[in-house]
Amino acid sequence: MRIHYSRLQKSLHWLHAVLLVCLILLGVSMTRMGEGALTNQFYEAHKSLGIVAFVVVLVRLGVRIVSGAPPYERALDPRMLVMAKAAHWLIYGLCLLIPLAGYAATSLCCKPVMFFGLGPLPLELDGTQALMKRLFALHETAAIGLALLVCGHIGMALYHRFIMRDGVFERMT
Ligand code: HEM
Ligand code: HEM
């Protein structure tokens with residue numbers, strides 16, 4: 001019998017994955033497109049979706065802490081298990097840090113963040129231009145780290161699916 005994450009955990013995993021891919025694509029393109037109406041729309045979509053992703057990861061973490069993770073079908077190599085767990089928690093950590101840094105930096109340079117054009121989400125922060133630049137640099141570096149980590153994560157998921165065939169991939173599908 002296959003052992004799975006709960007349906008809620010799987011739905012949150014895939015929703016979060018789609019959001020992150022959109023955010024990275026929007027972030028990388030909007031910062032390279034030059035000025036224009038479309039660029040502004042990309043910026044606004046990026047900021048609003050980034051806040052949605054932050055809420056989704058909070059819910060995901062809450063569900064994860066309350067429900068835990070299902071046991072593995074077959075015992076994994078202990079080193080692989082430690083690395084997988086470290087990578088998963090690092091992904092969660094970066095997914096908290098990146099939007100917080102982006103939101104704080106945006107609040108220092110160009111507030112308020114307009115949530116999908118519905119209304120402002122103000123954050124009163126005092127800070128210098130230097131702090132704003134450091135927060136954006138943190139935002140960018142952490143996002144690159146996350147993108148690399150997720151590539152490794154997808155590679156490992158496919159390795160379990162096609163090489164190891166040990167049921168790990170199916171835990172999330
Ligand atoms: C998990 C959520 C997020 C991810 C993965 C993410 C990712 C990225 C990436 C990849 C870039 C492009 C960096 C570059 O190449 O220069 C970027 C830029 C940016 N992000 Fe985010 N972001 C997230 C959330 C947010 C949030 C919540 C805000 C603000 C409310 C935000 C505001 C910005 C801004 C203003 C830039 C442009 C910075 C610049 O012009 O140098 N991001 N983001
Ligand atoms: C942006 C994309 C993604 C992110 C941020 C992400 C994040 C995560 C995290 C944090 C976990 C740990 C769940 C927990 O125990 O709390 C996980 C598990 C898992 N993910 Fe992803 N994931 C992404 C994309 C993918 C993709 C595309 C695949 C498949 C090709 C995949 C397959 C899996 C599998 C099979 C597990 C279960 C691993 C296990 O229980 O040992 N993920 N993912």
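These figures come from a predicted structure and were not determined experimentally. (Residues numbered from 1 in each chain as written. Chains lettered and ligands numbered in written order. Predicted model: local features only at pLDDT ≥ 70, side-chain atom pairs only at ≥ 80, totals over all residues. Heavy atoms only, no water.)

1. Some words on the coordination of the iron atom of ligand 1
Taken together, the protein ligands of the iron atom of ligand 1 are H46 (NE2) and H139 (NE2), with distances of 2.0 Å. Viewed at the metal, the 6 donor atoms of the iron atom of ligand 1 are separated by angles of 86 to 179 degrees, and the geometry they form is octahedral. Within this pair, whereas H46 is found in helix α2 (residues 37-67), its partner H139 is found in helix α4 (residues 129-164), the two being separated by 93 residues in sequence. The exposure class of H46 is buried, given its relative accessible area of 13%. (Donors = N, O, S within 2.8 Å, 3.2 Å for Na, K, Ca; no water. Tetrahedral: all angles 85-135°; square planar, octahedral: opposite > 155°, others 65-115°. Helix = DSSP H or I, 4+ residues; strand = E, 2+ residues; numbered from the N terminus. Buried < 20%, exposed > 50% of the residue type's maximum accessible area, 1.4 Å probe, protein only.)

2. Structural notes on the state of the cysteines
Counted by the stated rule, this structure contains 1 disulfide. Across the disulfide from C109 sits C110; the S-S distance is 2.1 Å. Its relative accessible area of 34% is what places C109 among the partly exposed residues. The cysteine C22 is free of any disulfide, with C95 supplying the nearest cysteine sulfur at 14 Å. When its relative accessible area of 34% is taken as the criterion, C22 is described as partly exposed. (Disulfide = S-S within 2.5 Å.)

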